[in-house]
Amino acid sequence: MKRSHSQMLYGIEPTKLPDDKYLYVVFKYTTGEYSYSLHRISVSDLKLSSRRHRHGEGKPKKLPEPILKLSYRRFPAFMGFFSVGSKIYMVGGGVCFCGVKPVASRRCYVFDTCNNPFNLLEDGPAMHHEKLCPTVLGPLNGKFYVLGRTLASGDLEEFDPKAKSWICLPRLPTDLQDESVGPRFEYKPDEYEVRSNAIVGNRLLFSTRKGTYAFDVISHKWEHPSSLGGVVELPFCEQSVFLDGLWYAFRSTYRRSGVWAYSFDWDKRFQESQELGVRRPSRHVKHAVSAIMVPMGKKTLLVVRAGFSHSSRRKCYVTFDMCQFTCKSSGKPKHPKVSRQCSTTYSMKGGLYELLGLSACLVT
């Protein structure tokens, strides 16, 4: 079955960013011969390319060739990704065809980026429930939390990397039924579909059309908005990044408004701090179709974007914009100052479509 090259970039949470380390980027292909490809980018090369661009030298470099490719015949699409040390975990996913009920997976694959000369994948501990397009949160207290597309599925699980095991967590205490797939296997709007999420203290917050629900990872109890003293609204899309006392996120799926900083407390909820000067880091990305943020150490955030220079979409560009934030000593709420450490652009082959998406990157 011949497939085109529509792609989606996934990735992993890093810890530090020394010059002798690498950035691992996972692309997910919705069509084509492969389901995924893994690319390794040298951090020192990323910074060197940034200096060249700053001095106007040459065109953007091509994205490095993948070190790993996964065939769509063997591996599911729409998996979730997270990393523990040098290992990348790939969980869930499945297959979707028009007019046919989706087939989801509960399998887990592990790729060790160190001491793996043959680039082999290992079978990791399988989850208890199948999850299509899983939402991954963490690490929180050294553990990761994976949920399916909707709270109605009741399939929230906790993964302990030390024990290498999954624990099923209590489902939302309602009479919810997952009715996202109707009798004719057609998609129906799901009022409990997760639209955005955040970590606040020991709570996982999930925003849905029905409101925001919180799960306490210590007590293993769900909390309704009323029990929190009112409705907690998440004024951003998808996942937020907590860094040095502030939450950073995009306000909409279009990512046109740049990065926003938010403060939070249980009395005032999420409050906009300011829109930061972190927009398109490259003149090539005039039409950004996806972006993601990932913490890269103390007060440092990496903004990764994918998009096109023109509407023809003959060539795609992936940009890496590394920013450092420092908070002002005065002012309410806190307004972080932004200094850009480096901005690098890589070019990719054309033939990409609107389904292009991004997630984080891994530093080992």
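Here the structure is a predicted model, which is why all the values come from computation and not from measurement.

The rules behind the values
- Residues numbered from 1 in each chain as written.
- Predicted model: local features only at pLDDT ≥ 70, side-chain atom pairs only at ≥ 80, totals over all residues.
- Heavy atoms only, no water.
- Pairing = 2+ DSSP bridges.
- Helix = DSSP H or I, 4+ residues; strand = E, 2+ residues; numbered from the N terminus.
- pLDDT = per-residue confidence, 0-100.
- Contact = heavy atoms within 4.5 Å.
- Core = buried A, V, L, I, M, F, W, Y, C linked by side-chain atoms within 4.5 Å.
- Buried < 20%, exposed > 50% of the residue type's maximum accessible area, 1.4 Å probe, protein only.
- Polar contact = N/O pair within 3.5 Å; in protein donor to acceptor, adjacent residues only side chain to side chain.
- Salt bridge = Lys/Arg side-chain N within 4 Å of Asp/Glu carboxyl O.

1. Here's the deal with the sheet that holds strand β20 (residues 238–239)
Next up, step 1: A sheet is described by the order of its strands in space; here five strands give the open sequence β19-β18-β17-β16-β20, paired in mixed fashion. The open sheet has two edge strands with one neighbour each: β19 (221–223) and β20.
Next up, step 2: Sheet topology places strand β17 (residues 203–208) next to strand β18 (residues 211–216); six bridges connect them, and they run antiparallel. Each bridged residue has a counterpart across the sheet, and for Ser207 the counterpart in β18 is Thr212.

2. A closer look at the confidence of the model for the chain
Next up, step 1: Looking at the chain as a whole, the pLDDT averages 75, with 68% of positions reaching at least 70.
Next up, step 2: Across the chain, the secondary-structure element scoring lowest on mean pLDDT is strand β1 (residues 7–10), at 45, and the one scoring highest is strand β14 (residues 157–160), at 98.
Next up, step 3: Predicted confidence for residues 352–357 stays below pLDDT 50, and this span has 26 contacts to residues more than four positions away or in other chains.

3. Things to note about the nonpolar core
Next up, step 1: In this structure, Phe236, Tyr248, Phe250, Tyr262, Phe270, Met293 and Leu301 are the most contacted members of the largest nonpolar core, which totals 26 residues.
Next up, step 2: Of all elements in the fold, only β16 (196–200), β21 (241–243), β22 (246–250), β23 (259–265), β25 (287–295), β26 (300–308) and β27 (316–327) reach the threshold of two or more residues within this core.
Next up, step 3: Once you skip the residues sitting within four places of it in the chain, Met293 turns out to touch Val241, Tyr248, Ala249, Phe250, Val259, Leu301, Leu302 and Val303.
Next up, step 4: Counting residues in each nonpolar core, the second largest holds 20 residues, with Val25, Leu63, Phe308 and Val318 among its members.

4. Examining the environment of Gly80
Next up, step 1: Relative to the helices and strands, Gly80 is located in strand β6 (residues 80–84).
Next up, step 2: The class of Gly80 is buried, set by a relative accessible area of 3%.
Next up, step 3: A sequence separation of 51 residues divides Gly80 from Lys131, and the C-alpha atoms of the two residues are 9.0 Å apart.
Next up, step 4: Ignoring anything within four residues of it in the chain, the contact list for Gly80 reads Tyr89, Met90, Val91, Pro134 and Val136.

5. Some points on the environment of Ser86
Next up, step 1: Note that Ser86 resides in the loop between β6 and β7 (87–91).
Next up, step 2: For the pair Ser86 and Asn115, spaced 29 residues apart in sequence, the C-alpha to C-alpha distance is 9.8 Å.
Next up, step 3: Within the local environment of Ser86, its side chain forms a polar contact with the side chain of Asp112, the two groups lying 3.0 Å apart.

6. Overview of the side chain of Glu158
Next up, step 1: With respect to the secondary-structure elements, Glu158 resides in strand β14.
Next up, step 2: Taking the relative accessible area as the measure of exposure, Glu158 reaches 4% and is therefore buried.
Next up, step 3: At 2.7 Å, the side chain of Glu158 and the side chain of Tyr145 are in polar contact.

7. With respect to the pattern of salt bridges
Next up, step 1: This structure, assessed with the given rule, holds six salt bridges.
Next up, step 2: Between Glu223 and Arg203 there is a salt bridge; the shortest N-O distance is 2.4 Å. Taken together, the positions of Glu223 in strand β19 and Arg203 in strand β17 put the pair 20 residues apart, joining distant regions of the chain. Accessibility classification places Glu223 together with Arg203 in one group, the buried group.

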